[in-house]
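# Reading the structure
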Amino acid sequence: MASSSSGLPMHDSHGHGTSSLDFGTLDSEERQETAQDMLVPNCFTSRRHDEDARNRHELPMLPPWRLRERDVITVHTRRRMKTLSVGLVLCLNVGVDPPDAPKQSPCARLECWTDPFAGTPMKALETIGGHLQKQYERWQPRARYKQSLDPTVDDVKRLCANLRRHAKEERVLFHYNGHGVPKPTRNGEVWVFNKQYTQYIPLSLFDLQTWTGSPAIYVWEANNAGIIVEEFQKFCKVREEDRQKCSLMGMTIKAPTLVHNAIQLAACGCDEILPLDKDMPADLFTSCLTTPIKTSIRWWFFRSETRKMVPDVKIEMVDAIPGRISDRRTLLGELNWIFTAIADSIAWDILPTAVFQDLFRHDLLVASLFRNFLCAELVLSSYNCKPISSPAMPSAKRHPMWQTWIIVLDSCMRQLPEVILKEESYENNTFFAEQLAAFAVWLRIRNINRSPPQQLPVILQVLLSPVHRYQALELLGRFLEQGPLAVHTALNVGIFPYVVKLLQSSAVDLRPLLVFVWAKILAVDTSCQGDLVKDGAFKYFLNVLSEPNLPAHHARNQHEYQSMAAFILTMIVKDHPNGKEACLQNNIIATCLELLESTSSQLKQWCIICLGCMWQNFEKARWCAVRDGAPEKLYPLLADSTPELRTAVVFALGTFLSDNKADRSEQASSIDQGVGMMLTSLVHDGSHLVREELCLVFRTLTSNYETQFLQAMSDDLQRQALLQASLATPTGGSPSLLTTSSNVPMSAPPTATNGGTQKRHARTGSAGASSTLSTAAGFFSIGGSSSPESASPSAAARTASTNVSAAAGGGSRGSDWVMVPASVEDELKEAAEKYERSGSAQHGVALAQLRRSSDAPSKDQRQPGLASASVTGGSPNSLGGSPSQGPGSIHLLPPPAAAAVGAGNGHLFTGPGSSAGKTSFANMWKALSLLATDPHLEVSNMADKIIKRLRLSGNQSRNNSLSLPSSPRTSRVRTASTQRLNGSPNTSSPSTSDQPASPPQPDSAPAFQRGNLSRIKSMPGPPAAGASASLSDHEQPRPDGNKSSTIPRSMSVQQFSGNLVGPRLVEDYYNDFQTDLLDVVDDFDTNFLPWMSSSFILSAAEWDRVHDVDSKPNLERDWRLKRNAEIRSEAKALMKDAVHSKYRLEDQVFVNRNSESPLCLLFHPYQPELLAADKMNITVWDWEQGTAVNTVHNHKQNSRARITTLDLINPHDVSLLMAGTDDGCVRVWRDYNKEGGGTQVAAWRALTDLVPTNRSSSNPSPSLVLDWEQESGVLFASGNARIIRVWDTQREQIIQDIPTFADTCVTSLTSDIAGRSSLIAGCGDGSIRLYDRRVPPNDCLVKKFHEHPSWVVKVYLQQGASQGKIISAGVGGDIRYWDPRFQESTAKVNTGMRISCMDVHHHAPLMAVGSRDQVAKIYHIDSQESLGVIKYHEGFMGQRIASVNALAFHPYKMCMAAGFTDSLISIYADEKKKL
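The present account deals with the structure reproduced in this document.

Criteria and cut-off values
- Sequence order as written defines the numbering, with residues in each chain counted from 1.
- Under the rules for a predicted model, residues below a pLDDT of 70 receive no local features and side-chain atom pairs below 80 are neither given nor counted, while totals for whole chains, interfaces and linings still include all residues.
- As a rule here, side-chain values cover all heavy atoms of the structure and leave hydrogens and water aside.
- A helix here means a DSSP run of H or I that spans at least four residues, while a strand means a run of E at least two residues long, and both kinds are numbered starting from the N terminus.
- Think of a nonpolar core as a cluster: buried Ala, Val, Leu, Ile, Met, Phe, Trp, Tyr and Cys residues, connected wherever their side-chain atoms sit within 4.5 Å.
- Any residue under 20% of the maximum accessible area for its type is buried, any over 50% is exposed, and the rest in between are partly exposed; the area is computed with a 1.4 Å probe on protein chains only.
- A pair of strands is considered paired only if DSSP assigns at least 2 bridges between the two.
- Should any heavy atoms of two residues lie within 4.5 Å, those residues are considered in contact.
- The axes are straight lines fitted to the C-alpha atoms, using for helices just the contacting stretch, and the angles between their N-to-C directions are given from 0 to 180°.
- What makes a salt bridge here is a side-chain nitrogen of Lys or Arg within 4 Å of a carboxyl oxygen of Asp or Glu, nothing more.

The next point concerns unusual backbone geometry. In this structure, the amide linkage connecting S105 to the following residue, P106, adopts the cis form with an omega of 0°. Inspection of the secondary structure assignment puts P106 in the loop between β1 (83-90) and α4 (121-137). Going from S214 to P215, the amide bond is cis rather than trans, its omega being 0°. With respect to the helices and strands, the residue P215 is situated in the loop between α6 (205-212) and β6 (216-221). Within the chain, D1231 stands out as a residue other than glycine whose phi angle is a positive 60°. By the secondary structure assignment, D1231 is in the loop between β24 (1225-1230) and β25 (1239-1245).

It is worth spelling out the nonpolar core at this point. Counting residues in hydrophobic clusters, the biggest one holds 250 residues, and the most contacted among them are W220, L335, W405, W518, F541 and I589. Looking at this core, the element that brings in the most residues is helix α12 (residues 331-350), giving twelve residues. Formed by 27 residues, the second largest nonpolar core is a distinct cluster that contains M1135, Y1143, A1408 and A1416.

A word on the pairing of strand β32 (residues 1328-1332). Here β32 lies mainly inside the structure; five of its five residues are buried. Burial of the side chains of β32 extends over both faces: I1328, L1330 and D1332 are buried on one face and R1329 and Y1331 on the other. Pairing between strand β31 (residues 1318-1323) and β32: five bridges, direction antiparallel. Note on β32: the bridge partner recorded for S1318 is D1332. In this structure, the hairpin formed by β31 and β32 is closed by a connection of four residues, where G1326 is found at a positive phi of approximately 90°. Looking at chain direction, β32 and strand β33 (residues 1341-1345) are connected through four bridges and run antiparallel. Following the sheet pairing, L1330 is matched in β33 by K1343.

What follows deals with the environment of A396. With respect to the helices, strands and loops of the structure, A396 is situated in the loop between β8 (388-390) and α15 (400-414). For the pair A396 and A347, spaced 49 residues apart in sequence, the C-alpha separation works out to 8.3 Å. Once you skip the residues sitting within four places of it in the chain, A396 turns out to touch I346, I350, L374, E377 and W402.

Across the sheet, which stays open at both edges, the six strands sit in the order β2-β1-β3-β6-β7-β8 with mixed pairing between neighbours. Among the strands making up the open sheet, the edge pair consists of β2 (144-149) and β8. Taking each pair of neighbouring strands and ignoring which way they run, the sheet shows an average axis angle of 10°. Bridging between strand β3 (residues 171-177) and β6 involves six bridges; their strand directions are parallel. Note on β6: the bridge partner recorded for Y176 is W220. Helix α5 (residues 153-167) rests against β1, β2 and β3 of the sheet, and its axis sits at about 170° to β1.

We now examine the pattern of salt bridges. Oppositely charged side chains are able to pair whenever their charged atoms sit close together. Under the definition given, this model contains 36 salt bridges. Residue D155 is joined to R158 by a salt bridge in which the shortest nitrogen-to-oxygen separation is 2.4 Å. In this pair, D155 and R158 both sit in helix α5, three residues apart, roughly one turn of the helix. Taking the shortest distance from any N to any O, the salt bridge between E1347 and R1376 comes out at 2.9 Å. You can see E1347 sitting in the loop between β33 and β34 (1352-1357) and its partner R1376 sitting in strand β36 (residues 1374-1378), a full 29 residues away along the chain. Residue classification places R1376 among the buried positions, given a relative accessible area of 9%.

The strand order across the open sheet formed by four strands is β38-β39-β40-β41, and the pairing between neighbours is antiparallel. Edge strands, defined here as strands with exactly one partner in the open sheet, are β38 (1397-1400) and β41 (1426-1431). Taking the axes of each pair of neighbouring strands and ignoring which way they run, one obtains an average angle of 15° across the sheet. As paired strands, β38 and strand β39 (residues 1406-1411) are joined by four bridges and run antiparallel to one another. Residue pairing in the sheet places V1400 in a bridge with M1407 of β39.

The structure is reproduced here in structure tokens:
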């Protein structure tokens, strides 16, 4: 049996695969290196990262195995039928031979094993009829039998009428024995008698069809019986043609449909007569159909070769075989048991699946007759007689299984003398043991394209035997492992009733096997849930879940089988009300909650999913879970280390939300809000599975609480609009609008078009009055210069300027102060307090100034030239007057406080001072907004659809008004902002100061109504881009020089901001809404449950890949490992030469032009690939062939994010590409090196508190730097943040946040791969900081070097115990060597130029630096000697290079790649040396 939690042999948790590498072809050193490669884990290769696997949860289209399911797809009505009425018509006329078939003596005389001449003819006829009835009753004891002995036409008519009356719509069997009448005619007639038995009277088959009706089965025991079958079918065709003609004429006729429902079994062909062997019965065909064991043994005995093999067996013994047919422990019973298995195997092998099911699995009597018909063909064929059936059966008389049957008879009959004469015990035959062994051999042969095993029906028969049952179940489980097709095959062959019956068994040793088999079945076909609930069989799995009580050899896998039981129960309750009710009554919720304390992640995972399916749309279970404290027990698991488990918790909590909108109680609403608030913490979870499932939760919440979410969205949008309007010039001067930063996404809800691409627009005011408001992941920052010195928040704040003209005094504000609304003052304080706790003195000053800013200091208390400004919505105060504390107030923020706002990692509008922050819906709205900017395409698309639907619903509910729902607190905002929009901040009319703002006019903007898209075309034009400044009735110029319509004076900020989506202005909303309205469809699903269920069953190809060491994937992996060892072996010899030789890498061996200027370069260590990243795209170059292989478009959501780092994951195996961008996001790509490839494997926001910076051409400013450890699967991320975040990619979770203890950004990271303890960071202030990852975060900084006068370009740690050197390069041009044991640098190299990039060879003593001055230099690490210079040369033949953007050494070859600002990429090597 399998050992994995899903019952499948799988790869280990680190992604190691099966290997069959032949180490004999490698030397000892290569063998050791290859073995090391095999131990390196593969990352991002699990099922959750395989998009193809996630899409393969849908099973292949297979025909249903249940007949009643097939009824839906067939033309004619088909259903499971039973044979309830049997008519036995015997036309024997004992003692009188028919005129056309006289019998010679000796000949066959026995009829139903009775001699008709042993008594009077009448008595003999009755005896024969009684025996025939008993023979049929053996196969169908519950049927109603009627005999008609030597009948007339009227007798047959009455018999057929009675049979049909009793059977109704079920099947009727009509048995006809015509041994005493003439042969059937070509007119379609059989013969019966007149009342005086003096004449033969013809009976028309056409009339017989009418009397018998449909459905029916006919058995014809007569000479030339094939004629009956042919003529019968002709009449059926005539009836069908008549029916069609009447249907065309509009008439209906009442006639049985016989074409598809009539079954016929005939004893011989059209020109054949019945055998007359004196040793066999006269009704040999009937004997084969009703007594196959006795007939076949007698046929076996009279074979000439048989008598020689068993001379002691006499015919009397054959007729007196001991035992009963129904007792499998006796000789006769075991022979019948074996015969059934063989006949089923033959039929399974020669018949199509649908025909096999119809004939052998739905009607007990029909199945027995067709099983015995195969025996009749075997026996009668030896007499040159061919039985006929309709539908026709393929010939099976030469099937190899019949030889097995003869061998079984030989073996059993050899014991017959001892059993009968000596009364010895019968020794069971070895047939079933041999068939099990043959099936095991079939399973060992791994060929996925072969036909199903013919032993499968035998396995089902073995399940009836307690002796072989365990082995049969084990082999059956191994067969079901091979995929959905194998499960479907087993269901078609008839496994279902057997395994249902076995659930009544109390055998402990069968528990794990039955659980395993049922897990496979329900993973493919959940329709079985009704059968398990109906008979109470589900309790078997409840007992396994609560009290496993497994046998000793399965005890170690107890959690595994409990997980399977939980999965089975999940399938039972999934969308099945009866199953939910039954399981609830058996305390399934309490059982699953108790198991949440288990140590098995797989068990907890399926218990949680089971709970989620249990209370989905089932209020009774939901309130039962509330009483048991289910949500509180699930919350701690949101931090579990297994991504699938965290996703399962989100799934369960999502289904836990109440769906009863009409009668939702206050308690239910409170529970829903609590669930939503707990889940908002997962918006930055590293697993996209978690975030996708979180989108479904928000879809439910926004649907159930639409009004509350609209209010939260309205509050958020009004604040953003107010903030934009308040930072404009209040007088007639030039407007000073906030501009969105170009490198980070906005926190407000985006609008996606064309597959999720989000449009963001930046707006700037006039020159000389610039203010930058950057929003990233829910916080705002104010930035300026992008120089390294401006990386700190205080420096960024000093460079920000906003010109504010005060009406009182007419003075000009200082350029370092920023004006913000007073309504967000508390949020700003909260953001600054977070940074005060970090220990920064600058932020402490910022907080103090922020606190003082709200006190409105007097003129003499302020710095010269500075004044506090406020705009009050309720009174006409001047900017220099005392401020109002209303929501429309505007306060000036000093520079350190503004910097603290920019550095804060919280949401701007979620503090306690804002009304939106006081409600849980505001926080949930913020989380949904963040999901809309998620780096993973699926997540962002899902969240974007939710926001679109919510926005559309909000527009529908506003009664033909575009304004969002207003709140009581917005009236003062309207009046204050209206003054600013109308250009009169110093005066106010009574209508604006004493009265609330008038509601929006219905005609101010048309509404967007679903189903009324024609109104969109008649919408008025968008307002002016400068609407946040003073507006008049004339048109205002836009920043791009165009003109647009104006906003009327009467339009309030409520009307103005209500149409915003995020920070965008009204014109963007108008432009995009017409397109978005057509795409508002949020009926998406993650298919998490079907995907998780698919883990219990593999496809045949996956099964082959996992089990077969010689499969193609495993052989390819072995080849890669061997290739890697050879490349490293060649590189070692090359590196030894490099220590003593001087490699001058000045010869250009590759040059090509990239699409844009490359910012990052990376060599693949084992393949001829060079990866070049520009701002948005990554180009894969084959540097040996000089061609571009593929281009990967890294990100579509944020078109302004820039790629700052590249790395390869699993370079030793199937490589994945990892790219980091300066918005803090990391994306992983598969198939990046295939033309047209590039599939996103994973994407997440590695840094959520990244402080964005602007970039200039003179100083690089990476906002995100990464360092990847393949051996541990750990990713280090930092940049313009105050922490170094450590991610475990196996868990997709943050495992540590290491504070940098620096007031500047981190520019480079490197770690100790061998010891996995040291972490080294280069910083923007020129310092080198060493951290010990093993100690607590507050004590992890163990060493600080600070000799670089400026920005550290790169820091590199030489790996290996004998090296351990730290090399760093500063932007000022100095390269320094460090030893952790000393405080000062051990060596210094002065390059004499400003450094823009640097790289160090991983194995050779080489390093290179590049400069913006069109120069690149190469140095020897040990001697610090310059080995070459690549620079711009004058002259006709001189080399011309642009400024150097990026450098990269090949890890194992002596070559270097350089990227330049003119988009050229070159590779340099020494042509005199071997690469």
